[in-house]
There are 2 protein chains.
Amino acid sequence: MALIVQKFGGSSVANAERVMNVARIVTDTYAQGNDVVVVVSAQGDTTDDLIEKAQEINPKATKREMDMLLSAGEQISISLLAMAIEKLGYPVCSLLGWQAGFSTNSVYSAARIKKVNPERIQQEIGRKKIVVVAGFQGLNKYDDITTLGRGGSDTSAVAIAAAMHADRCQIYTDVEGVYTADPRKIKDAVKLSEITYDEMLELATLGAQVLNNRSVEMAKKYNVIVEVLSSLTHAPGTLVKERVKMEKMLVRGVTKDTNVARVSIIGVPNEPGMAYKIFGKLAAENINVDIILQSVGRNDTKDITFTVAADHAEATKDILSKLELTSDLKVEIDAENVAKVSAVGAGMETHPGVAAKMFQALFEADVNIQMISTSEIKISVLIDKKDADDAVAAIHAAFIPEEK
Amino acid sequence: MALIVQKFGGSSVANAERVMNVARIVTDTYAQGNDVVVVVSAQGDTTDDLIEKAQEINPKATKREMDMLLSAGEQISISLLAMAIEKLGYPVCSLLGWQAGFSTNSVYSAARIKKVNPERIQQEIGRKKIVVVAGFQGLNKYDDITTLGRGGSDTSAVAIAAAMHADRCQIYTDVEGVYTADPRKIKDAVKLSEITYDEMLELATLGAQVLNNRSVEMAKKYNVIVEVLSSLTHAPGTLVKERVKMEKMLVRGVTKDTNVARVSIIGVPNEPGMAYKIFGKLAAENINVDIILQSVGRNDTKDITFTVAADHAEATKDILSKLELTSDLKVEIDAENVAKVSAVGAGMETHPGVAAKMFQALFEADVNIQMISTSEIKISVLIDKKDADDAVAAIHAAFIPEEK
């Protein structure tokens, strides 16, 4: 008998039929002798509908009231799922975020979980109940409802799993697991049976939108074994954990990210502290900078090129224009025509030659590399957006099929 | 400066436009220098929509889960109203039932308020905020959400007014106040400027659906001055209070109730205890009996006739059939063709002749009286349903116009 936390997203509970489907998955797990805690998001479009209602009345509503409004979404879905579980004849109890013991800080709409006190959940499990918990929400020190921001239900599930030392945290999605590449585009894409937290973090950051990043970080911190799997098929998913079985695959995922902009600052004075001035200011405004490249420019200046999320291109431009480093400075931003393609694999660091092989694949596919960035477990290149799919295919073909 | 509690029902906040209308009423009251606590119900059809969602999944859902589901309705309406008030530039804070301090017993779907601890409301008012409270809901001793049942928002408002010693509890509805008869049917119907709790209770019980009865009982108990008024017009409403100005009107309201069934038990043995057996059993099953009439039958038996709500006719039949008083007993139930018409007025008891005048009016309108019941402040008659509107008009014409 194990303690299993299961999480279902909004599309998994979008209508009565899907709610019943989730109820069957949950009760099957329970019937096998497990204790089960289920975390659910708001039904399908509920959150968007509620946001629309708010917009109609006051587009500048305070975030406190938005959180009060939006948290009604999970309240609806947990009670409906509980009713579906009741219908299948199993004992069940739905709990709101605050009932389930979620304390957060007070950053409305993007709160962080400070603590989960699972006392009530444990009580209900002691009564042999399946416990259905509202994801995405908690309570701050003022006894006001907060939400964790979109995708927060993953984090809610992992937080419960961590607090209760659950044997497994299953995140049900509309894909069957984590693939070596987007299976809709790369027909040879392989489902991974296991993946490390670090690999998952790289893949999530890079746009393989399977798991919310904060949830993976939390899973890593508390060593929660996460399983990503589909609520529609009954296939086994992908386990995310600290150590994975040794496999031959060096590259475990190839991803593309088109939400990227390339920023070039040309003619930066060759003085100490310039990089600090630029990147310090961007960091203060919460703009994450990814690949950074500095090269020697003309007349004793230097050129600094870096990437940011395309969403942040405008804000980056504003910030740089206010810096007034020197009058000759020229800023060029391209948020339209670039893409970042990455190969990720925890085994990379001990295997030289991965980069060379990746560059060879790109050369043979006639893809020009604009920038390169490497970490212990990934290699990213910035390329022309139109080449991105070809690049992913070429890198995937070079590494995955021969190794699986 | 006064403390005013205002309550708005579901139709008053049915859409964005109406929510803004309510926000203007509230902020006008606040701008006049008052402290304001607003209680709202769920928006228009929200409750019905949520019930439908539940029905689709599990028509036999437990009431605990139904309460969890339905209480999301007020959560949506309080946050939307708060946003509307924010838009008008006023400080505001929405509170759920439990945040506002509502403790109830554990009868899910029909919980009774045990206590209101208005500490949080007082805090927010201390910060000069308008406080918007979710009506209809509370928390039981298990920290689970309960609902008070339909119409419970009136009770929520009166309970807050009582706990905070508010100067007035304004119940906004879609009528302008309490009328001497249904103004849609009786063109001479007069709006009362004041009415006593007892009169209001009789009128509410008798089907003048302006105020929930439990709320009037609570208002009477804690001496809360209630004002019934319209959220659409700016006309003054009707004050409900302990003592009213002496007015000439003896009869203060004429109502009809068609949710009534006449039950006749013919051939009851003429032994002691028969009435106890019958009515004790009905009371045990929570069936309220109204007018009771006992007459001598044939062969040393008696006939007992009484009325119950038409909704309870079937249940009454079942209970009586199981009583097995004697094999000769005959039970006749008419839930289709009868109506109860009543005249209510606190001054009645000190003025003889009211009944006579009422019976004369009915005689002149050619209405046959089947049963009569009187209390200190009302006279009710059971008549043929098809005569009901005529009877109301005749009684109203006999008492009201000449006295106003």
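Since this is a predicted model, take the numbers as computed values, not measurements.

What counts as what
Residues numbered from 1 in each chain as written. Chains lettered and ligands numbered in written order. Predicted model: local features only at pLDDT ≥ 70, side-chain atom pairs only at ≥ 80, totals over all residues. Heavy atoms only, no water. Axes fitted to C-alpha atoms, helices over the stretch in contact; angles between N-to-C directions. Helix = DSSP H or I, 4+ residues; strand = E, 2+ residues; numbered from the N terminus. Parallel < 35°, antiparallel > 145°, perpendicular 65-115°, else oblique. Left-handed = near helix turned anticlockwise from the far one by under 90°. Contact = heavy atoms within 4.5 Å. Phe/Tyr/Trp six-rings, centres within 6.5 Å; stacked < 30°, edge-to-face > 60°. Buried < 20%, exposed > 50% of the residue type's maximum accessible area, 1.4 Å probe, protein only. Nonpolar A, V, L, I, M, F, W, Y, C, P; charged D, E, K, R; others polar. Pairing = 2+ DSSP bridges. Buried area = accessible area lost by both parts, 1.4 Å probe. Salt bridge = Lys/Arg side-chain N within 4 Å of Asp/Glu carboxyl O. Polar contact = N/O pair within 3.5 Å; in protein donor to acceptor, adjacent residues only side chain to side chain. Core = buried A, V, L, I, M, F, W, Y, C linked by side-chain atoms within 4.5 Å. Arc of directions from axis to C-beta. Patch = residues over 30% accessible without salt bridge, like charges linked within 9 Å, V, L, I, M, F, W, Y side chains within 5 Å. Areas by Shrake-Rupley, 256 points an atom, 1.4 Å probe, with all protein chains shown as cover. Lys, Arg positive; Asp, Glu negative; His and termini not counted. Charge placed at Lys NZ, Arg CZ, Asp CG, Glu CD. pLDDT = per-residue confidence, 0-100.

### Thoughts on the packing of helix α1 (residues 16-31) of chain B against helix α3 (residues 63-87) of chain B
Residue and element names in this part refer to chain B.
Thinking step 1. Relative to each other, α1 and α3 sit at 60°, their axes nearing to 9 Å. Taken together, the axis directions place α1 and α3 in an arrangement best described as oblique. The handedness of the crossing between α1 and α3 is right-handed. Between α1 and α3, the contacting residues are Val19, Met20, Val22, Ala23, Val26 and Thr27 on the first element and Leu80, Leu81, Ala84 and Ile85 on the second.

### Some thoughts on the packing of aromatic side chains
Thinking step 1. This structure, assessed with the given rule, holds 7 aromatic pairs over all chains.
Thinking step 2. Considering the side-chain rings of Trp98 of chain A and Trp98 of chain B, the 4.3 Å spacing of their centres and the 35° angle between planes classify their relative orientation as tilted. Of this pair, Trp98 of chain A sits in the loop between β3 (92-95) and β4 (102-104) while Trp98 of chain B sits in the loop between β3 (92-95) and β4 (102-104), placing the two residues on different chains.
Thinking step 3. Exposure remark for Trp98 of chain A: the relative accessible area of 15% places this residue in the buried category.
Thinking step 4. Relative to Phe306 of chain B, the ring of Phe279 of chain B lies with its centre 5.0 Å away and its plane at 75°, an arrangement referred to as edge-to-face. Pair noted here: Phe279 of chain B is in helix α8 (residues 274-284) and Phe306 of chain B is in strand β16 (residues 301-308), with a separation of 27 residues, a long-range link.
Thinking step 5. For Phe279 of chain B, a relative accessible area of 18% corresponds to the buried category.

### Focus on the packing of helix α8 (residues 274-284) of chain A against helix α9 (residues 313-323) of chain A
Residues and elements named next belong to chain A.
Thinking step 1. Contact geometry of α8 with α9 gives a least axis separation of 10 Å together with a crossing angle of 135°. Regarding the angle of α8 to α9, the classification is oblique. Viewed along their axes, α8 and α9 form a crossing whose handedness is right-handed. Taken together, the residues of α9 that come into contact with α8 (itself represented by Lys277, Ile278, Lys281 and Leu282) are Thr316, Ile319, Leu320 and Leu323.
Thinking step 2. Each residue belonging to the contact of α8 with α9 can be placed in one class, and the counts come to 5 nonpolar, 1 polar and 2 charged.

### A closer look at the sheet that holds strand β20 (residues 378-384) of chain B
Where strands meet in a sheet, backbone hydrogen bonds hold them as pairs that are either parallel or antiparallel.
Residues and elements named next belong to chain B.
Thinking step 1. The strand order β13-β18-β20-β19 describes an open sheet built from 4 strands, whose pairing is antiparallel. The sheet is open, and its two borders are formed by β13 (253-257) and β19 (369-375), each paired with just one other strand. Each strand axis lies, on average, 15° off the axis of its neighbour in the sheet, ignoring direction.
Thinking step 2. Those strands touched by helix α10 (residues 354-364) are β18 (338-344), β19 and β20, and its axis lies near 20° from that of β20.

### Describing the interface of chain A and chain B
Thinking step 1. The partner chain B presents 42 residues to the 42 residues of chain A that form the contact.
Thinking step 2. Across the chain A/chain B interface, buried area totals approximately 3,400 Å², and carbon plus sulfur atoms make up 61% of it.
Thinking step 3. Inspection of the chain A/chain B interface yields 2 salt bridges.
Thinking step 4. The shortest N-O distance in the salt bridge between Asp144 of chain B and Arg120 of chain A comes to 2.7 Å.
Thinking step 5. Contributions of two or more residues to the side of chain A that touches chain B are made by α1 (16-31), α2 (46-57), α3 (63-87) and β3 of chain A.

### Section: the environment of Asp303 of chain A
Residue and element names in this part refer to chain A.
Thinking step 1. Looking at the element boundaries, Asp303 is found in strand β16 (residues 301-308).
Thinking step 2. Each C-alpha atom of the pair Asp303 and Ile291 lies 14 Å from the other, and the pair is 12 residues apart in sequence.
Thinking step 3. Not counting the four nearest positions on each side in its chain, Asp303 is found in contact with Ile265, Ile266, Gly267, Leu293, Gln294, Ser295 and Gly297.
Thinking step 4. Within the structure, Asp303 has its side chain in polar contact with the backbone nitrogen of Gly267 (distance 3.2 Å).

### Considering the nonpolar core
Nonpolar side chains in soluble globular proteins generally cluster together in the buried interior.
Thinking step 1. The biggest cluster of nonpolar side chains holds 82 residues, and the ones touching the most others in it are Leu81 of chain A together with Leu81 of chain B.
Thinking step 2. Those residues in contact with Leu81 of chain A that lie beyond four places of it in its chain are Val19, Val22, Ala23, Val38, Val40 and Val132 of chain A.
Thinking step 3. Within the second largest apolar cluster, 71 residues are counted, among which are Ala100, Ala343, Ile379 and Ile383 of chain A.

### Focus: α9 of chain A
All names here are of chain A.
Thinking step 1. Within the span of α9, buried status applies to Ala313, Thr316, Ile319 and Leu320. Relative to the axis of α9, the buried residues are bounded by an arc of 125° and lie together on one face. Counted as exposed and oriented over 90 degrees from the buried face of α9: Glu314, Ser321 and Lys322.
Thinking step 2. On the buried face of α9, the contacting elements are β14 (261-269), α8, β16 and β17 (330-334).

### Considering a negative patch on the surface
Thinking step 1. A surface patch of like charges, here negative, comprises Asp45, Asp49, Glu52 and Glu56 of chain A.
Thinking step 2. Counting through the fold element by element, Glu56 of chain A comes out in helix α2.

### Here we look at the pairing of strand β9 (residues 168-173) of chain A
All names here are of chain A.
Thinking step 1. In terms of burial, β9 is largely enclosed, as 5 of its 6 residues are buried.
Thinking step 2. Alignment of strand β1 (residues 3-8) against β9, held across 5 bridges, turns out to be parallel. Residue pairing across strands places Val5 opposite Cys169, the latter belonging to β9.
Thinking step 3. Pairing analysis gives 5 bridges linking β9 to strand β11 (residues 226-230), with the strands arranged parallel. Paired with Tyr172 across the strands is Leu229, a residue of β11.

### So, helix α7 (residues 213-222) of chain B
All names here are of chain B.
Thinking step 1. Among the residues making up α7, those that are buried are Ser215, Val216, Met218 and Ala219. End-on, the buried residues of α7 take up no more than an arc of 165°, which puts them together on one face.
Thinking step 2. Measuring from the backbone nitrogen of Arg214 back to the side-chain oxygen at the start of α7 gives 3.0 Å, which picks out Asn212 as the cap.
Thinking step 3. Phi for Asn223, located one or two positions after α7, is positive at around 55°.

### Here's the deal with the confidence of the model for chain A
Thinking step 1. Averaged over every residue, the pLDDT of chain A is 90; the share at 70 or more is 96%.
Thinking step 2. Overall fold confidence (pTM) sits at 0.84, and the ipTM for the predicted complex is 0.83.

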